[in-house]
Amino acid sequence: VRTHSARQGASWQPGWTEEFERFYQLNHAQVRFFLRARCPDHLVDDVLQEVFSAAYTRWGEVREHAKPLAWVYRVAINKYSDAVREATAQHKLLKKLHDPVETDSAHPQGRIDSALLARQLLGRLPRSEAHAFLLFHLGWSEKETASILNVTLHTCRTYKKRARIKLREAAKELGLGDGGAA
Amino acid sequence: MNIDDILRRAAQEPAVQLSEVEIRRNMRLFELDRRKSLTPGHDPTAGLDLGDPLELADDEALRIAQQAELLGLGTFTWRPAEDMFAWSGRMASMLDYLPEAKPARRLYLDRVHKDDRKTVEDHLNQASDDHEPLAFEHRTVRANGEVRHLECVLQVLLDPHGTPTGLLGTARDITESVMDKRALARLSKRLETVMAVVGESLADRDPHTRLFNRRRFVAELDREIRTGEGTVLLLGLEGLREVNRQNGPQAGDDVVAAVAKLLANVVRPTDVLARIGGNEFAVLLPRTIAPGARPIAERIAQAMRTPFLAAGQSPVVTRIGMVHFSGGQPAAGEDLLIDADQALYDAKERSTEIVEGLPPGSVSAAERRRRWRKRVRIAIRGDLLDLHAQPIVDLSRNVVTRHELLLRLSEWNDPITPSSFLSTAERLGTIVQIDQYVIRKAIELLVNDPCGRHVQVNLSGRSVCEEGLPELVADLLSSHGVKPSRLTFEITETALISNMTAARQFADRLHEMGCQLALDDFGSGYASLAHLKYLPFDMVKIDGEFVAGLLENKSDQIMVKSIAQMCAGLGVQTVAEFVENTETKAVLVDYGVDMAQGFAVGRPIPISEIPNSLEQLPDIIRTASVS
């Protein structure tokens, strides 16, 4: 574990700002999509801002990672949990507002409908299972997903398997055929 | 369509994409944060694990334990085959054991609350037997008896060949979170209960004089009509405008309070006294008809000749409309009040002190409606309806950014709060014309406003159910080139209750158009929380009853604070009404209320006198204390 106190005191180098801006531009939407699936919008924006700000501040260290985005996901998941705990009262009320989302779920034609439906489906899963399924969907391997979520490989596989079963059931309920979850 | 398709489409949703401008702006913010972090003690990244999550440790248990330690979680491992149980120092502390205590499954279970012990044992056995991860919550009891709540996740440990060797548990202390949830549940329940109970009694009283209000008076009248005969006296005060003009607005309020006190002394103990409008009082004389009622009316008129102000100042004149009713009829208190109002109208027209209305049953409903339509028409066409504007201050900026438009009726060259007039108009279906008149005037006001301020307009329950109103609003806004976001419609809870479906449709249509919606008099009616959940309100106006006594009343403080917190969580702005002093304003700022309205901010003024620039108010005293 390399914490802040043990970090190498890398001073800011020319070109890092532009490099991080490209990283941010490329990955922001994906991380936002990931968080939005299980988190009220106002928390998502706060968490995103904090996480990318932290990544920028520590870019000297984070850029050295094989995949800096993995670090962003891990911090985002931890920050999200903190934010939810701090905002328990608000979250509970907001959850009521977000449930259930009215949509023509049988035939989600447009992008907005798909976003609502994705939220509705993933909202039925425990957070850890939804995160495991989403990271896999976003192209991370099982090993990487396990590391980001800080669970064992076996747990990660189980979460993914459970998510798939539950999503399939949910899809059937919503009239999406067998759901075809990959 | 399968789930992968849905997720793929959702990931491309435009809402998750940032524009170039947003990216640049955020980069500037990141740079500011980075510079701040260079100052010792101001680094928000302190304590973060900066290691690469993908640099996999060979030992999964070690990796997870290290991360858990960093996140403040306790960990334990259990390998049944080896009869081995171990825990981290943090876990020992969570279970209230000394670091040197030898870990054991039995010791762990000893600390689990007795009611949860079997469940925890079952979960441990199930995860171990089924080789499946599990999550659950349980309580622990510390040595001193303190109960804490833990959230545990059990994961299966495998050897290099994939054979399960035991369980790894992580535990998070969630006591604060559980307490918060419970407190919130309790608060919501209490808020609803208190509002229902308090709202019932408050809803019956005029806040200024504490006399019965129109609603309660009508209820009393209905009961009396069913059981016996009697008389209704309707008293109208004239001259209040001049009093206000000469002596300031407080003088008018003082006169109203003095009249209430005097009337309470003049009427009999069995009579029912109420303030049913800004300058209107009503007296119900049960079991008293023509021969006996007249002397009582005259005695009241005589008492009302008492000069309420010092010599030389304008007198306040009282007119009385009187109607009798006979018993055993269907309840029609509102109709009777309308007839009494007509008699009062005649008294004003004839400059007579007392006028007796027509005998009961002689006025048909159609005739009553015809007369009222005529009166409303005259009021609108004759410009007898004046619009006044009361400022609303944005407490975060201390600037007046909005005005609520209030109607004043000048039928007798003496603008009054026409609540009685409006109640009758609503009952007889003529209120929609009045609401439309106000909307037109509001939009005209916005066209001519140089500083882009915002106005709020009250809507009656009838208008809420009026089908063409949203289209009318849309046409007016579009033809005048006014942004819909500058107009807020205030709707009372009572208006919503009468037809929830129509209210929902109405609210949705106005909201789609871009206008804002405010829930007026929040807390004084019923089912307020449900309204907040189901209708797209942008703003809640906290009923003045909770605000007027805020500095002294602990219950009011708790309720206003809770409403502010709840609304903040829901993304709904709050406005406190009846803010009468700067100390109250300061308390509202502390509670997180967004805006304030009341005499401490400004009294209603004719719309022609609205300043041409946004008003900055004097600084709020932020150190005010409450009892």
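This section reports on the structure supplied with the text. (Residues numbered from 1 in each chain as written. Chains lettered and ligands numbered in written order. Predicted model: local features only at pLDDT ≥ 70, side-chain atom pairs only at ≥ 80, totals over all residues. Heavy atoms only, no water.)

### Let's talk about helix 8 (residues 142-149) of chain A
Residue and element names in this part refer to chain A.
1) Next: Of all eight residues that make up helix 8, six are buried, and the element is covered over most of its length.
2) Next: Looking only at helix 8, the buried set comprises Glu144, Thr145, Ala146, Ser147, Ile148 and Leu149.
3) Next: The positive-phi residue at the C-terminal boundary of helix 8 is asparagine 150, with phi of around 55 degrees. (Buried < 20%, exposed > 50% of the residue type's maximum accessible area, 1.4 Å probe, protein only. Helix = DSSP H or I, 4+ residues; strand = E, 2+ residues; numbered from the N terminus.)

### Concerning helix 1 (residues 16-36) of chain A
1) Next: With 21 residues, helix 1 of chain A extends 28 Å between its outermost C-alpha atoms, agreeing within 8% with the 30 Å of an ideal straight helix rising 1.5 Å per residue.
2) Next: Roughly 45 degrees is the biggest bend found in helix 1 of chain A, and it falls at asparagine 27 of chain A. (Expected span 1.5 Å × (residues − 1). Bend = angle between axes of the 7 residues up to and from the residue.)

### Focus on the pairing of strand 1 (residues 74-79) of chain B
Successive residues of a regular strand alternate their side chains across the two faces of the sheet.
1) Next: Counting buried residues along strand 1 of chain B, six of its six residues qualify, which places the element largely inside the surrounding structure.
2) Next: Both faces of strand 1 of chain B are covered, namely the face carrying Gly74, Phe76 and Trp78 of chain B and the face carrying Thr75, Thr77 and Arg79 of chain B.

### Observations regarding the packing of helix 8 (residues 214-227) of chain B against helix 12 (residues 333-350) of chain B
All names here are of chain B.
1) Next: Two elements in contact, helix 8 and helix 12, have axes whose closest approach is 8 Å; the angle formed by their N-to-C orientations is 110 degrees. What the angle tells us is that helix 8 and helix 12 run roughly perpendicular. In this structure, helix 8 contributes Arg214, Phe217, Val218, Leu221, Asp222 and Ile225 to the contact, and helix 12 contributes Gly333, Glu334, Leu336 and Leu337.
2) Next: Of the residues belonging to the contact of helix 8 with helix 12, the class tally is six nonpolar, one polar and three charged. (Axes fitted to C-alpha atoms, helices over the stretch in contact; angles between N-to-C directions. Parallel < 35°, antiparallel > 145°, perpendicular 65-115°, else oblique. Contact = heavy atoms within 4.5 Å. Nonpolar A, V, L, I, M, F, W, Y, C, P; charged D, E, K, R; others polar.)

### Overview of unusual backbone geometry
Working note: non-glycine residues mostly have negative phi, and peptide bonds are mostly trans.
1) Next: One non-glycine residue, asparagine 150 of chain A, adopts positive backbone phi at about 55 degrees.
2) Next: Looking at the secondary structure, you find asparagine 150 of chain A in the loop between helix 8 and helix 9 (153-173).

### Re the sheet that holds strand 1 of chain B
All names here are of chain B.
1) Next: Judged by pairing direction, the sheet is antiparallel, and its five strands sit side by side in the order 2-1-5-4-3 without closing on themselves. At either end of the open sheet lies a strand with only one pairing partner, and these are strand 2 (84-87) and strand 3 (134-141). Direction aside, neighbouring strands of the sheet carry axes that sit 25 degrees apart on average.
2) Next: Here strand 3 pairs with strand 4 (residues 147-158) via eight bridges, running antiparallel. Paired with phenylalanine 136 across the bridge in strand 4 is cysteine 152. (Pairing = 2+ DSSP bridges.)

### With respect to the nonpolar core
1) Next: In terms of nonpolar packing, the biggest core is built from 76 residues, with Leu487, Phe489 and Leu588 of chain B touching the most fellow members.
2) Next: Examining the composition of this core, we find that ten residues originate from one element, helix 15 (residues 431-447) of chain B, more than from any other.
3) Next: Sequence-distant contacts of leucine 588 of chain B, that is, excluding residues within four places in its chain, are made with Leu395, Val547, Leu550, Val560, Ala576, Val579, Val593 and Ala596 of chain B.
4) Next: The next biggest cluster of nonpolar side chains, apart from the first, holds 63 residues, and it includes Trp16, Phe33, Ala76 and Ala146 of chain A. (Core = buried A, V, L, I, M, F, W, Y, C linked by side-chain atoms within 4.5 Å.)

### Quick look at the sheet that holds strand 6 (residues 230-238) of chain B
All names here are of chain B.
1) Next: With mixed pairing, five strands are arranged side by side in an open sheet as 7-8-6-9-10. A single partner strand is all that each edge strand has here, and the edge strands are strand 7 (272-277) and strand 10 (354-356). Looking at each pair of strands side by side, their axes are set apart by 20 degrees on average, direction ignored.
2) Next: Running over the sheet, helix 11 (residues 290-304) touches strand 6, strand 8 (280-286), strand 9 (317-325) and strand 10 and is turned about 165 degrees from strand 9.
3) Next: Set on the sheet, helix 12 makes contact with strand 6, strand 7, strand 8, strand 9 and strand 10; between it and strand 9 the angle comes to about 140 degrees.

### What about the side chain of glutamate 220 of chain B?
Residue and element names in this part refer to chain B.
1) Next: With respect to the helices, strands and loops of the structure, glutamate 220 is situated in helix 8.
2) Next: Accessibility expressed as a relative area gives 11% for glutamate 220, which makes it buried.
3) Next: A polar atom in the side chain of glutamate 220 sits 2.8 Å from the side chain of arginine 223. (Polar contact = N/O pair within 3.5 Å; in protein donor to acceptor, adjacent residues only side chain to side chain.)

### Some thoughts on the pattern of salt bridges
Here the idea is simple: oppositely charged side chains can pair when their charged atoms come close.
All names here are of chain B.
1) Next: In this structure the tally under the stated criterion is 41 salt bridges over all chains.
2) Next: Its salt-bridge partner being arginine 148, residue glutamate 146 comes within 3.0 Å of it at the nearest N-O pair.
3) Next: With a closest N to O distance of 3.6 Å, glutamate 545 and arginine 210 form a salt bridge. Of this pair, glutamate 545 sits in helix 21 (residues 544-547) while arginine 210 sits in the loop between helix 7 (175-202) and helix 8, placing them 335 residues apart in sequence.
4) Next: According to the relative accessible area criterion, glutamate 545 is buried, its value standing at 17%.
5) Next: Take arginine 210: its relative accessible area is 42%, and that puts it in the partly exposed class.
6) Next: Taken together, the shared-partner salt bridges in this structure form one network comprising Asp96, Arg142, Glu146, Arg148, Asp173 and Glu176. (Salt bridge = Lys/Arg side-chain N within 4 Å of Asp/Glu carboxyl O.)

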